Amino acid sequence: MSDFTFIRTSVKDQVASIQLDRPKVLNALNRGMVTEVITAMEMFDRSDDVKVMMLSGKGRAFAAGADIDEMAGDGPIDFEMNNPFADWDRIAKVKKPVICAVHGFALGGGFELALACDMIFAADTAAFGFPEVNIGVMPGAGGTQRLTKLLGKPQALEWLWTGDKMSARKAYDYGVVTRLTAPELLFEETEAFARRLVKQPPLSLRLIKEAVDKAVDHPLDEGMQLERKNFYLLFASEDQKEGMNAFLEKRRPDFKGK
Ligand code: CO8
């Protein structure tokens, strides 16, 4: 669709697909690829033609982590000056739903990228993990934080300290993975879920995401205040009138995103 080097994008029926496309190196995330991913996400976030985004990887992995070739020669001053993490922070600010479809490996930065999405759908053959410890470093794009919020401290430490691979089944049992599928059904099921969200009122989806994100990182009272404000705000939308009228008139609502 557009002029990207490391990713492929397309839009169909208001669902945008972003696919990591460096299959020969298992979609190792070089800086250019991360910049392109967030550029595409922000482009689709602004587009009236897109309501939901899907992120996946081409080839036999989702992504086997940050590009070790690129990173190996870096020093702390390079990180300070280039600030590669600024791109990662922008992913958390995307307003539309982003569903990640993981098959094969999601390791290191690949796992962090999946965790930065709103949900992970995974093939039952997928494997997750943070092997950074095995190469003398640690996660740097949210892995220690997001995994701990999902698993709690002792379980998170076990995975982070050992660098062991977590099966998709285990990730599903932890609640890291929302839906587990047969490998051949992964994209179909992810798309079907995305298409379901396309029919929902976009403003509700957006404000629900904002309120849920608040619940993850802020005290209950702050989250309750935001939830209430967002609830009030939705009563200014045409979709609220349409949704409630459709219920009262016993028909299907036709949401416009206004
Ligand atoms: N970086 C660069 N190249 C990679 C990476 C990687 N992370 N992973 C795989 N590749 C390359 C291999 O070098 C190989 O290339 P070539 O064919 O030219 O030799 C090709 O992909 C295929 O890989 P393998 O032959 O190794 O395939 P296997 O099936 O034998 O093994 C594994 C697959 C287990 C995934 C193995 O490739 C592996 O261990 N990869 C590295 C995993 C890893 O350590 N990931 C963590 C990286 S560090 C990180 O993510 C920190 C994140 C910090 C935030 C980001 C800040 C910018």
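- The name recorded for the protein chain in an unreviewed UniProt entry is Enoyl-CoA hydratase, from Thalassobacillus cyri.
- Turning to the protein chain, the UniProt record has this under Sequence similarities (unreviewed entry): "Belongs to the enoyl-CoA hydratase/isomerase family."

## Details of the overall build of the protein chain
- When you go through the protein chain residue by residue, the secondary structure sums to 12 helices and 9 strands.
- The C-alpha atoms of the protein chain give a radius of gyration of 19 Å, which matches the 18 Å a tight globule of 258 residues would have.
- In the protein chain, the proportion of contacts linking residues at least 24 apart, taken out of those at least 6 apart, comes to 65%.
- Summed over its atoms, the accessible surface of the protein chain is roughly 14300 Å², and 55% of this surface lies on carbon and sulfur atoms.
- Averaging the positions of the 34 positive and the 38 negative side-chain charges in the protein chain gives two centres separated by 5 Å.

## Overview of the site of the ligand
- In the region of the ligand, 23 residues are neighbours, and R60, A64, A66, I68 and G109 sit closest.
- A64 has a polar backbone atom sitting 3.0 Å from a nitrogen atom of the ligand.
- For the ligand, whose free accessible area comes to 1100 Å², the fraction covered by protein is 66%.
- Sorting the residues of the shell around the ligand by element identifies α2 (68-71), α4 (85-91), β5 (105-107) and α5 (109-116) as the ones contributing at least two each.
- Residues belonging to the shell around the ligand are distributed by class as follows: 14 nonpolar, 4 polar and 5 charged.

## Comments concerning the nonpolar core
- L20, M41, L55, F62, V102, I120 and F128 are the most contacted members of the largest nonpolar core, which totals 48 residues.
- Looking at this core element by element, the count peaks at 7 residues for helix α1 (residues 31-46).
- Ignoring sequence-local partners within four residues, the contact set of I120 consists of C100, V102, A114, L115, F128, V176, V177, T178 and R179.
- Judged by nonpolar contacts, the second largest core, of 13 residues, contains A123, F193, A194 and L197.

What counts and what doesn't
- Residue positions are given per chain, counting from 1 as you read along its sequence in written order.
- It should be noted that, the model being predicted, local features are given only for residues of pLDDT at least 70 and side-chain atom pairs only at 80 or more, the latter also being counted only at that level, while totals for whole chains, interfaces and linings use all residues.
- The basis for every side-chain value is the complete set of heavy atoms in the structure, and neither hydrogens nor water enter the calculation.
- UniProt positions are given in the numbering used here, feature names are shortened, and annotations may be inferred rather than shown by experiment.
- Comment: elements are numbered from the N terminus, with helices defined as DSSP H or I runs of at least four residues and strands as E runs of at least two.
- The size measure is the radius of gyration over C-alpha atoms, and the globule rule it meets is 2.2 Å times the number of residues to the 0.38 power.
- Residues count as neighbours in contact if any of their non-hydrogen atoms are within 4.5 Å of one another.
- Here, Shrake-Rupley sampling with a 1.4 Å probe gives the accessible areas, and only protein chains in the shown set may cover a residue.
- Charged residues are defined narrowly, with Lys and Arg counted positive, Asp and Glu counted negative, and His plus the chain ends left uncounted.
- For charged residues, the charge sits on one atom: NZ in Lys, CZ in Arg, CG in Asp, CD in Glu.
- A molecule or strand has a residue near it when one of that residue's heavy atoms lies within 4 Å.
- Distance and chemistry together define a polar contact, namely a pair of N or O atoms within 3.5 Å, with one atom able to donate a hydrogen and the other to accept it when in protein, and with adjacent residues in sequence counting only for side-chain atoms on both sides.
- Basically, the charged four are Asp, Glu, Lys and Arg, the nonpolar ten are Ala, Val, Leu, Ile, Met, Phe, Trp, Tyr, Cys and Pro, and anything else, Gly included, counts as polar.
- The set of buried Ala, Val, Leu, Ile, Met, Phe, Trp, Tyr and Cys residues whose side-chain atoms join them within 4.5 Å is what this entry labels a nonpolar core.
- Three labels apply to residues, based on accessible area from a 1.4 Å probe with only protein chains included: buried if under 20% of the type maximum, exposed if over 50%, partly exposed otherwise in between.

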